[in-house]
Structure formats: C-alpha cells, structure tokens
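If you want the building blocks of each chain, they are given just below.
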Amino acid sequence: MELPLDFATLRLIWWGLVGVLLIAFALTDGFDLGVGALLPFVAKTDEERRMAINTVGATWEGNQVWFILGGGAIFAAWPFVYAVSFSGFYLAMFLVLSALILRPVAFKYRSKRPGAKWRAMWDWALFIGGFVPALVFGVAMGNVLLGAPFRLNGDLRAFYDGSLLGLFTPFSLVAGLLSVAMLVLHGAAWLGLKAERGPVADRARMIGTVAGLLSIVLFAVGGLMVAYGDMGFRITGALDVHGPSNPLRTAVEAASGAWLDNYGRYPWMMIAPALGFLGAAAAVLGLWRRSEALAFGGSSLSAVGIIATVGLSMFPFILPSTVDPQSSLTVWNASSSHLTLFIMLLVTVVFLPLILLYTAWVYKVLWGRSSTAALKTNPDLY
C-alpha cells in the first residue's frame, strides 16, 4: 500500500513529536515538581503549605498525562530505544516511579489527620516526589549525551553493561543539578502566578532568583563540558534514511566535540541554547521586578531551550552506545515500521488536539490564585 508520507519523513515527524511531548511534560508537570521541591522552604506554617499545595492541586494529575504519553510514544515509535533505555536504566526508572507514586499518596493523605508530625512527614514526601524525579531526569539526559554502555548482538538482542551508580558521573550530575535548578525556577514562577501575594510568593521569588542564576551557570558549564569533554558521536558511513530499522547497519564512531557539529551545519539551531540562557535571564528579571507573566514566560522558554538543545545537538542520534558505537540508536535505524508510524500519526492527529483543548479548558476554568482564606471556606481544597 502506497502511503502519503515516506518512511524518512515519518521518522522525522515522530522524533519531533516525542520531543514535543517531553517538553510539554517539563512545562506542565515541571512546575508541579518545582513546587514540591520548594515546599519545605517557601511555606513555614500549615496554612502556607496547604495554600502552596493547592496552587497545583487542581491540575497535577492531568499534567502527568504528558509523561505517560511520552513513554507510550517511545514504546510505539522507537521500540529499540524503549527496550534499551527502560531495561538498562531500570533501577533509575524504578527510583523515579517510586518518587512519582509517593507524590499522589502525599497529596491525598496529608490532610487526613491534623497532627503536625503527620503533615510534616507528607510535606517532606512531596519534597522527595518533586526533587528526586527532577534530579534523575537530568542525570538521565546527561547519560544520553555521554552514551549508554549497551551493545546489540547479531539477533538485535540488547545487553546492558552499566549500573545505577555508574550513571552518576561529573557531567551527569551537572545535568541533574541543571534539571533541578530549571524546574525549581519554573515552580517559583508558578507560585508567583498562583499563590496569594505575601510571604510564600516572596520566598519563592528569592529562591527562584538563585535557581535562575544557577540554571544559567550550570547550562554554560554543561555546554563547555560537551564542547571540550570526551563525549560525542558521529555517523561515518553512508546513511540510508529510508532503510529498515537495524542499528548494526550504521557505521558510527565516538568523536569528542561531535555534538557541536549540527550547529555548524544548521546555524538556526543556535536558537535553542539562546532560549535556554535568555529565558532564564528573563525569568530572573521577572522575579526581581515582580512581573509574574515575565517570570513564568521566561522559565517556560528556558525549559524549552534547554531540552531542545539536547535533542538538536544529538540529532540524528537518540541513544548512542559507549561499549559498541555500531549499536547506537538513531532516528533512521531504531523506529517502528513505516505503516506503524503512519497509523500512529493518524491517531495522534485526532486525539492530541482534543487533549490540548481539554487541558486549556481545565486551566481556564480552574484559573485563579490560591489563598489561605479559601482554606476555611472551600472543602475541596487539600
């Protein structure tokens, strides 16, 4: 059957769609994670903490949909990537899922009893549920840039030679701290938009300013480590963008500084790192000037820029291998079949706009600042 889109175009579209889903997760659930990580530090009394929790209380469940969609898209569109990453990074994934499971339990159980110790325990659980995923997601992205220690045999069976502790290298820790700083900045900007003006918003502004400055510094440090460190991969042989999905058919070599090659070929890609820096600077300026819209818009642009920088720097690689570069997974050699990608695209064209419309409607209906006064009158609040 002749399909209206060729194989290479569909692969490229799905690479972009997965990136969009990951960015959507960072922009929505990202401020949920940021608020959780900020909770013990911006809110000192029980009322302040309840008010901070309720800035995300109405939407956090819906925001996690993007995480599920991203994982599902990787599974369906890039089965090799899913198989290697979800099995090789199993313990790291388990750590993230444990923290993400802890968060809804904390939301639901925190106010079931009035005891101070009981509520403090769940407040720290919310902190763990925000901080740990932010850190591990960043560490994971750092390891994607470094490459993963896996190899494929002749039957395309994957073998992973790494360990959980092996994921924590100097560069991956810089990436993890950048992720934490980025999402704390985003959470602080969200509290500026949604929390009542007062002590909580003021503390969030102060911590968010520090997080924004750290984002700029860590992003720059990470960029220098990419440019001058021992990392990067390059395709050396002929490239068949329409060929069957078989990573062993691609000739790849490790090459220091290769992650900067795309910026020489496509100068427009410099927009991504520029957004990462300028967005964080705009967010810091917005926090300093008490401009909630500028702060949140800047933190959102910074997150988009930082995540897009990783994807554009690595293109067409998705997950390179440090053990056997020949096993590296790329946009062109690790996808599902032509027909599968096309059917999935049709489903996405129908349902993704519905999800976006519903999400926009929910935010419109539930918009407004969370206040301590409402805690005494609204029985639906946490």
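Residues numbered from 1 in each chain as written. Predicted model: local features only at pLDDT ≥ 70, side-chain atom pairs only at ≥ 80, totals over all residues. Heavy atoms only, no water.

- Taking an unreviewed UniProt entry as the reference, the protein is identified by name as Cytochrome d ubiquinol oxidase subunit II belonging to Brevundimonas naejangsanensis.
- What UniProt records for the protein under Sequence similarities (unreviewed entry) is the sentence "Belongs to the cytochrome ubiquinol oxidase subunit 2 family."
- Taken from UniProt, the Subcellular location (unreviewed entry) comment for the protein reads in full: "Cell membrane". (UniProt positions renumbered as here; feature names shortened; annotations may be inferred.)

**Describing the overall build of the protein**
Here is step 1: Within the protein, the regular secondary structure consists of 13 helices and six strands.
Here is step 2: The C-alpha radius of gyration of the protein comes to 21 Å, within 12% of the 21 Å expected for a compact globule of 382 residues.
Here is step 3: A separation threshold of at least 6 residues defines the contact pool for the protein, and within that pool the share at least 24 residues apart is 80%.
Here is step 4: Just so you have it, the protein exposes about 17500 Å², and 71% of that area is on carbon and sulfur atoms.
Here is step 5: The average position of the 25 basic charges and that of the 20 acidic charges among the side chains of the protein differ by 11 Å. (Helix = DSSP H or I, 4+ residues; strand = E, 2+ residues; numbered from the N terminus. Rg over C-alpha atoms; globule rule 2.2 N^0.38 Å. Contact = heavy atoms within 4.5 Å. Areas by Shrake-Rupley, 256 points an atom, 1.4 Å probe, with all protein chains shown as cover. Lys, Arg positive; Asp, Glu negative; His and termini not counted. Charge placed at Lys NZ, Arg CZ, Asp CG, Glu CD.)

**Some points on the nonpolar core**
As a rule of thumb, soluble globular proteins bury nonpolar side chains together.
Here is step 1: Ranked by internal contacts, the top residues of the largest apolar core, which has 101 residues, are Trp14, Trp78, Trp190, Leu191, Trp259 and Leu329.
Here is step 2: At 16 residues, helix α1 (residues 7–42) tops the list of elements feeding residues into this core.
Here is step 3: If sequence neighbours within four positions are ignored, Trp14 has contacts with Ala73, Ala77, Trp78, Leu341, Met344, Leu345 and Thr348. (Core = buried A, V, L, I, M, F, W, Y, C linked by side-chain atoms within 4.5 Å. Buried < 20%, exposed > 50% of the residue type's maximum accessible area, 1.4 Å probe, protein only.)

**Examining the confidence of the model for the protein**
Here is step 1: On average, the protein scores 91 in pLDDT, and the residues at 70 or more come to 100%.
Here is step 2: Put simply, helix α3 (residues 60–63) is where the protein has its lowest mean pLDDT, 84, and helix α11 (residues 271–288) is where it has its highest, 96. (pLDDT = per-residue confidence, 0-100.)

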